[in-house]
Every structure is written in C-alpha cells, then in structure tokens.
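One-letter residues, chain by chain:
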Amino acid sequence: MRLKCLRTGGTYFVFSKAFATGVILATGFVHLLPDAQEALADDCLPETPWLKFPFADFIAMLAVLFTLLLDCVSTQYYERKQLKDRVDTRVSNSIEQRSWPKLGHASSIEDRNQKNEDALHGDGHMHIVGIHAHVASHSHNHPHGSHSCTDETHANLHGKFGHAHTSQSATDHSSIRHTVVSQVLEMGIISHSVIIGLSLGVSQSPCTIRPLMAALTFHQFFEGFAFGGCVSQAGFKSISSFLMACLFAITTPACIAIGTGVSSIYNPNSPRTLILEGIFDSISAGILIYMSLVDLIATDFLTKEMYCKPKLLCVSYIALLLGGTMMASLAIWA
C-alpha cells in the first residue's frame, strides 16, 4: 500500500518538488553559470576571442533556445502520435462494429452517425482535422481557464452530460508534458553530473573534495527527487522508469571513475580543459535554468489548483525559496 505522503499531487509531494525545483534553479544560476564565466574568462586563454566576448552567457542563451526547440518538437511529436493512435483505434472499432449485425435502434443510429462522419471527413487526415476543429470549438464555447475556481465544478458537471472527452484531452496533454519534461530534465541533469563527476574525480586536495562531495550529495538528491516526480507523473512503463533511473544513478559514479583514471595527465589550467569545462557548464546552466523556470515552476505554480488553494501556493513558494537559498549558500564552500 502506498504511503499517503508519497502520493503524487499530495501536499508533501508538492512541497518537496518545489524545494527540489529551487535547488535546480540555484544550481544553474549560482553554481554552473559563474563557474562557466570564470573558466571562459581565465587568463590562461587567448585574449582573442575568449576575453572579448561573454561566451558563457551566450552559450547558456543558446542552450535555453535549443531546449525550447526540443521541448516544442517533442511535445508536438507525442501529441501527433497520440492523436494518430486514437484515430486508428476509432477506425478499427468502427470497422469491427460494421461487421456485426445491426442490433436494434441504437445500432442503426450509430451506423448513420458513422456514415455521416465518413461523408464529412473522407479519410484519416480529414478526420484528424475534424477532431481539431471540434476540440477548438469546445475551447471557445466552454471557459475552462483559471479565472474562477467554480469553472472546475461547471466542467465536471458538463463532462457528465456528454463532454467528458475534453477532460480526457487535458489529461492526455498533461501526461505528454510530463513525459517531455522528464526526458529533457534528465538530459540537463546528466550533463551537469558529467561535469561534477569529472571534477571530483580529478581533484587531489581534500580541501577541494569535501565541499564538492557536500554539494554533490545535496543537489543530486533533490535533483533526483524532482526528476523522479516528473517520471512518476508521466506514467512511464516500469522498464522505462527503471532504465531512466539507472542512467541517472550511474552517470556521476562513472564520471568520477573516469576522472580518477585521467587525474595523472589532467591539467586544470590548460586552455583546452578550461574551454571544455566552460562550454559544458554553460550548456548545463542553460538547460537547468530553462527547465526549472518553464517546465517546473510555471507548470506547477501557474495552475488553477494553486489559485484555488492559497495556502498550498504560499507553502510551495516558501519551499521554492528555501531550496534555492540553501543550494546557493553552498557556493560559499563549493
């Protein structure tokens, strides 16, 4: 039996996820981006072009825009795939029903409706267009925005009398968003894990290893919590969830092992090392900043549930601020 406090959507889950989101946001702004700026503005690099242009901020901006593009493309891909599967299911059900003998008045009405749909839509492509138009019509005729908490009651009552498919469409879209968010978030976390794992592996001084271990333990735990929450909300199959969790778990230890192996030939002040470290830190910062602001904070905070529950909104904001502040304070030592 599942613990109530671990249920997705519960107060404890929302609080913990908001805290983890603050940790991710501070990791991008306070830890990764300043490290990238320091590496790409080091005196060991040639003055031209590295010291004449803010490459760290520029690369982080490009990473944000690339993540936005990947987010949009992935969302459209999954939506089209889901719509195609739904249409194929309806077509197969229609063909199966046509092969059955007509049973009474209900069957004849259903056959007439199917013929009308075939005449209007013609083929699968026109059928998809009809579905889009129908959904768009409902979105204009029935307000489901976040203006009033009473709209949800109206929507629930309305769904009981023949329009439950709009609620199903919203649920499907939410599932798609969680799927895309979890995959893109894992990409950003893994790129960051590679950097911190290599940095820890090549470190020789205990004064450097101890703060790195503290920062690694803190942010990896809460990044993992936020990532696990997104995976849980996406509803992946067990094997997919297991593989994603394993990839998250083994990346940092593997990079620590690689860093330890190359520590004897590693030169932290070489131009090539500084450039690679600065680029990877900038990319990771851009991805984590975008994910925390757009796909985590905006998705969780700008919802009707938050507007209708001011206490939950206040507690979540405090958790977000607390997580960001605590992670930022670790920059004093690491």
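Preceding this paragraph is the structure being described.
In this report, the structure presented in the accompanying data block is examined. What you see is a predicted model; the values in this text were computed from it and never measured.

## Focus: the nonpolar core
Then, in step 1: Residues Leu185, Phe218, Phe227 and Met291 are the most contacted members of the largest nonpolar core, which totals 37 residues.
Then, in step 2: Elements with a contribution of two residues or more to this core: helix 1 (11-40), helix 3 (55-99), helix 7 (165-202), helix 8 (206-234), helix 9 (238-261), helix 10 (271-301) and helix 12 (310-329).
Then, in step 3: The biggest single contributor to this core is helix 1, with nine residues.
Then, in step 4: If near-sequence neighbours (up to four positions away) are discounted, Phe218 is found in contact with Phe19, Val23, Met326, Met327 and Leu330.
Then, in step 5: Counting residues in each nonpolar core, the second largest holds nine residues, with Leu40, Leu45, Phe55 and Ile275 among its members.

## Describing the side chain of Glu186
Then, in step 1: Structurally, Glu186 is set in helix 7.
Then, in step 2: With near-sequence residues (within four places) excluded, Glu186 lies in contact with Phe227, Met244, Leu247 and Phe248.

## Here's the deal with the packing of aromatic side chains
For any pair of aromatic rings, the description rests on two quantities: the centre-to-centre distance and the angle between the ring planes.
Then, in step 1: Applying the stated criterion across every chain yields a total of 10 aromatic pairs.
Then, in step 2: Seen from their ring centres, Phe53 and Phe55 are 5.0 Å apart, and the 70° between their planes marks the pair as edge-to-face.
Then, in step 3: In this structure Phe53 comes out as partly exposed when scored by relative accessible area, which is 40%.
Then, in step 4: Taken together, a centroid distance of 5.4 Å and an interplanar angle of 70° make the contact between Tyr77 and Tyr78 edge-to-face.
Then, in step 5: Relative accessible area serves as the criterion here: at 49%, Tyr77 is assigned to the partly exposed category.

## Quick word on unusual backbone geometry
Then, in step 1: The residue after Thr48, namely Pro49, is reached through a cis peptide bond having omega 5°.
Then, in step 2: Tracing the sequence through the fold places Pro49 in helix 2 (residues 47-50).

## Section: helix 12
Residues that lie three or four places apart on an α-helix share one face, since the helix turns once every 3.6 residues.
Then, in step 1: Over its 20 residues, helix 12 runs 28 Å from end to end, which matches the ideal 28 Å to within 8%, given 1.5 Å per residue.
Then, in step 2: Residues of helix 12 that are buried: Leu312, Ser316, Ala319, Leu320, Gly323, Gly324 and Met327. The buried residues of helix 12 occupy an angular sector of 125° when projected down its axis, which confines them to one face. Opposite the buried face of helix 12, at more than 90 degrees from it, the exposed residues are Pro310, Lys311 and Leu321.
Then, in step 3: Buried-residue contacts for helix 12 involve helix 1, helix 8, helix 10 and helix 11 (304-308).

Conventions used here
Residues numbered from 1 in each chain as written. Predicted model: local features only at pLDDT ≥ 70, side-chain atom pairs only at ≥ 80, totals over all residues. Heavy atoms only, no water. Core = buried A, V, L, I, M, F, W, Y, C linked by side-chain atoms within 4.5 Å. Buried < 20%, exposed > 50% of the residue type's maximum accessible area, 1.4 Å probe, protein only. Helix = DSSP H or I, 4+ residues; strand = E, 2+ residues; numbered from the N terminus. Contact = heavy atoms within 4.5 Å. Phe/Tyr/Trp six-rings, centres within 6.5 Å; stacked < 30°, edge-to-face > 60°. Expected span 1.5 Å × (residues − 1). Arc of directions from axis to C-beta.

Honestly, it's all geometry; don't read function into it.
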